[in-house]
Amino acid sequence: MSLDDFIPFHRASITDAERSAVLEVLDSGWLTMGPKVAEFEDAFAEFVGVSHAVALNSGTAALHLAFEGLGIGPGDEVIVPTYTFAASAETVVYTGATPVLVDVDPATCNIDPESAAAAASSTTRAIEVVHVGGLPAELDRVSASLESAALSLGIGPPPLVEDAAHAFPTRISDLGGRFAGTIGRAGAYSFYATKTITTGEGGMLVTNDDTLADRARSMRLHGISRDAWKRYTSSGSWYYEITDPGFKDNLTDLAAALGLVQLARADELHMSRAEIARQYLGGLSDLASQGRLILPPPGSGDEHSWHLFMVRIGPGARPRDSVDESLPGVGVLPESLRAIASRRARVVEELRSAGIGTSVHFIPLHLHPLYARLGYRPGQLPAAEAAYAATVTLPIWPGMTSGHVDRVVAALARATQ
Ligand SMILES: *Cc1c(COP(=O)(O)O)cnc(C)c1O
């Protein structure tokens, strides 16, 4: 199907510059981690303004190595917002620690500072925030409430880890325009295919903590001494020492070459996302004022990365027919949310029939069987559940035309009558 028939949820923006950068690496004879990875790390660190950027094969690996490098392990707890993707909490589980899931702000879906503070205990070792969709979480308030909770528990303030998978490039106006992902002790970016810049699969751990960066550089490649990748170069040595049971998380030069070009295009890609968001906000404003849709908070200034454009079915879009428990995502929710969740499932179907790909961000973690096993139950984190029940994520990608946006707006108008 062509883009005239089907508007996909996402489509990566790849130009001749990416194509020739990858070909150049293929022709160089050096495919895995090497000079291009080093170049990508330097350019990324410079772009966001940190001392260390460690390139990895996923954003998941970046989160994992952040927790691992902070020494988090069995018996420890990490506070994690429930409104996020699998990786945010699974990476805590990898270390043997326990993720403690907390509720989110009902409007932004970002971690709620009070819920986070209430979840602190004497074994809290870190707090993770997710900048959902690319809108910055309230880092100041989160840190302040955690600090006072830690003080009354008699523990040190737990380090902040930012899951910035959605938040490149998000500049936080309250923090002098610094980049989301660079405020906490560690930040994790993702270059997964649907993210704002991509290497197909890839991620970046950023930090200003030298020890954490050194540890991540070793642990990404089997826990062997630092420049082990050089052992096959003319300047390298065959000798290495294994110091820890590390992982295989390194990025390839092929991916880094792609990343360098995408990074150079970051502002252009961001501007085109922001323009599509602007068109959606304008085009959907009537539906919003009629209560048929709830639009995403736009953030202040141009701070939103607009990785995701999440709308919610509003109370004005009345369920046309009965609750259908067999529709996806309905049965798992508390009774009171099943009507809106049924309606949402039907809207997703109607958009699909109109040739529009959508997604739903996110099924709160605590509703999944993995976390039910830890004792979480529907009804426990109500703001996240209410947001989830009504949410549909619309296509937003550089290269979408205003014609595409108009088609999405028209289809939503029909689907929310
Ligand atoms: C995509 C994503 C990740 C993980 O990134 P990968 O590169 O796919 O491993 C982590 N957290 C969130 C919120 C994400 O959306």
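All of these numbers come straight from a predicted model, not from anything done at the bench.

Q: Explain a nonpolar patch on the surface to me, using residue names and the numbers behind them.
A: A cluster of nonpolar residues, Leu23, Leu26 and Leu31, forms a patch on the protein surface that exposes about 260 Å² of accessible area. Along the polypeptide, Leu26 turns up in helix H1 (residues 16-28).

Q: Any details on helix H2 (residues 35-48)? Residues and values, ideally.
A: End to end, H2 covers 20 Å across 14 residues, agreeing with the expected 20 Å (1.5 Å per residue, within 8%). By the burial criterion, the buried members of H2 are Val37, Phe40, Glu41, Phe44, Ala45 and Val48. Projected onto a plane normal to the axis of H2, the buried residues spread over an arc of 130° and lie on a single side. Those residues of H2 that are exposed and aimed more than 90 degrees away from the buried face are Pro35, Asp42 and Glu46. In the core, the buried residues of H2 are packed alongside strand E1 (52-56), strand E7 (178-179), strand E8 (186-190), strand E9 (203-207) and helix H8 (253-264). Where H2 ends, the next residue or the one after it, Gly49, has phi of about 80°, a positive value.

Q: So what's going on with the site of the ligand? Residues and values would help.
A: Around the ligand, the surrounding shell holds 15 residues, and the nearest of these are Thr60, Asp163, His166, Ser190 and Lys195. The separation between an oxygen atom of the ligand and a polar main-chain atom of Gly59 is 2.8 Å. Isolated, the ligand exposes 380 Å² of accessible area, and the fraction of that covered by the protein chains is 93%. Where the shell around the ligand is concerned, the elements lending two or more residues are helix H3 (59-69) and helix H4 (86-94). For the shell around the ligand, the class distribution of residues is five nonpolar, eight polar and two charged.

Q: Can you break down unusual backbone geometry residue by residue, with the values?
A: Of note, the amide linkage connecting Phe168 to Pro169 takes the cis form, showing an omega dihedral of -10°. Within the secondary structure layout, Pro169 lies in the loop between strand E5 (160-163) and strand E6 (171-172). The residue after His361, namely Phe362, is reached through a cis peptide bond having omega 0°. Positionally, Phe362 belongs in the loop between helix H11 (338-353) and helix H12 (369-372).

Q: Can you tell me about the packing of aromatic side chains, naming the residues and giving the values?
A: Summed over all chains, the structure comprises 12 aromatic pairs. Between Phe44 and Phe191, the aromatic rings sit 5.7 Å apart at their centres with planes inclined by 65°, giving edge-to-face as the arrangement. Of this pair, Phe44 sits in helix H2 while Phe191 is found in the loop between E8 and E9, placing the two residues 147 residues apart along the sequence. For the pair Phe44 and Phe191, one class covers both residues: buried. Ring centres of Phe47 and Phe168 lie 5.3 Å apart, and the angle between their planes is 50°; this geometry places the pair in the tilted category. Here Phe47 is found in helix H2, whereas its partner Phe168 is found in the loop between E5 and E6, with 121 residues between them in sequence. The exposure class of Phe47 is partly exposed, given its relative accessible area of 24%. Among the aromatic residues, those joined into a cluster by ring pairs are Phe40, Phe44, Phe47, Phe168, Phe179, Tyr189 and Phe191.

Q: Give a detailed account of the nonpolar core, specifying residues and quantitative values.
A: Note on soluble globular proteins: their nonpolar side chains tend to be buried together. Membership of the largest hydrophobic core comes to 73 residues, with the highest contact counts inside it found for Phe40, Phe44, Ile79, Tyr189, Met204 and Leu205. When residues in this core are grouped by element, the largest group, six residues, is from H3. Among all residues touching Phe40, those that are not within four sequence positions of it are Phe191, Thr199, Met204, Leu251, Ala256, Gly259, Leu260 and Leu263. Counting residues in each nonpolar core, the second largest holds 27 residues, with Ile7, Tyr280, Leu351 and Trp397 among its members.

Q: Please provide a residue-by-residue account of the packing of helix H9 (residues 266-283) against helix H14 (residues 402-415), values included.
A: Packed helices, taken two at a time, are described by their axes: the angle between them and the distance between them. In the contact formed by H9 and H14, the axes pass within 10 Å of each other and the chain directions differ by 35°. With respect to the hand of their crossing, H9 and H14 are arranged in right-handed fashion. Between H9 and H14, the residues in contact are Ile276, Gln279, Tyr280 and Gly283 and Ser402, Val405, Val408 and Val409, respectively. A class-by-class count of the residues in the contact of H9 with H14 yields five nonpolar, three polar and no charged.

Q: Just give me the short version of the environment of Gly184, but keep the residues and values in it.
A: Here Gly184 shows up in the loop between E7 and E8. According to the relative accessible area criterion, Gly184 is buried, its value standing at 17%. Separated by 24 residues in the primary sequence, Gly184 and Asn208 have C-alpha atoms spaced 9.2 Å apart. Each residue touching Gly184, except ones within four places of it in the same chain, is listed here: Leu160 and Glu162.

Criteria and thresholds
Residues numbered from 1 in each chain as written. Predicted model: local features only at pLDDT ≥ 70, side-chain atom pairs only at ≥ 80, totals over all residues. Heavy atoms only, no water. Patch = residues over 30% accessible without salt bridge, like charges linked within 9 Å, V, L, I, M, F, W, Y side chains within 5 Å. Areas by Shrake-Rupley, 256 points an atom, 1.4 Å probe, with all protein chains shown as cover. Salt bridge = Lys/Arg side-chain N within 4 Å of Asp/Glu carboxyl O. Helix = DSSP H or I, 4+ residues; strand = E, 2+ residues; numbered from the N terminus. Expected span 1.5 Å × (residues − 1). Buried < 20%, exposed > 50% of the residue type's maximum accessible area, 1.4 Å probe, protein only. Arc of directions from axis to C-beta. Contact = heavy atoms within 4.5 Å. Near = heavy atom within 4 Å. Polar contact = N/O pair within 3.5 Å; in protein donor to acceptor, adjacent residues only side chain to side chain. Nonpolar A, V, L, I, M, F, W, Y, C, P; charged D, E, K, R; others polar. Phe/Tyr/Trp six-rings, centres within 6.5 Å; stacked < 30°, edge-to-face > 60°. Core = buried A, V, L, I, M, F, W, Y, C linked by side-chain atoms within 4.5 Å. Axes fitted to C-alpha atoms, helices over the stretch in contact; angles between N-to-C directions. Left-handed = near helix turned anticlockwise from the far one by under 90°.

On their own, these measurements won't tell you what the molecule is for.
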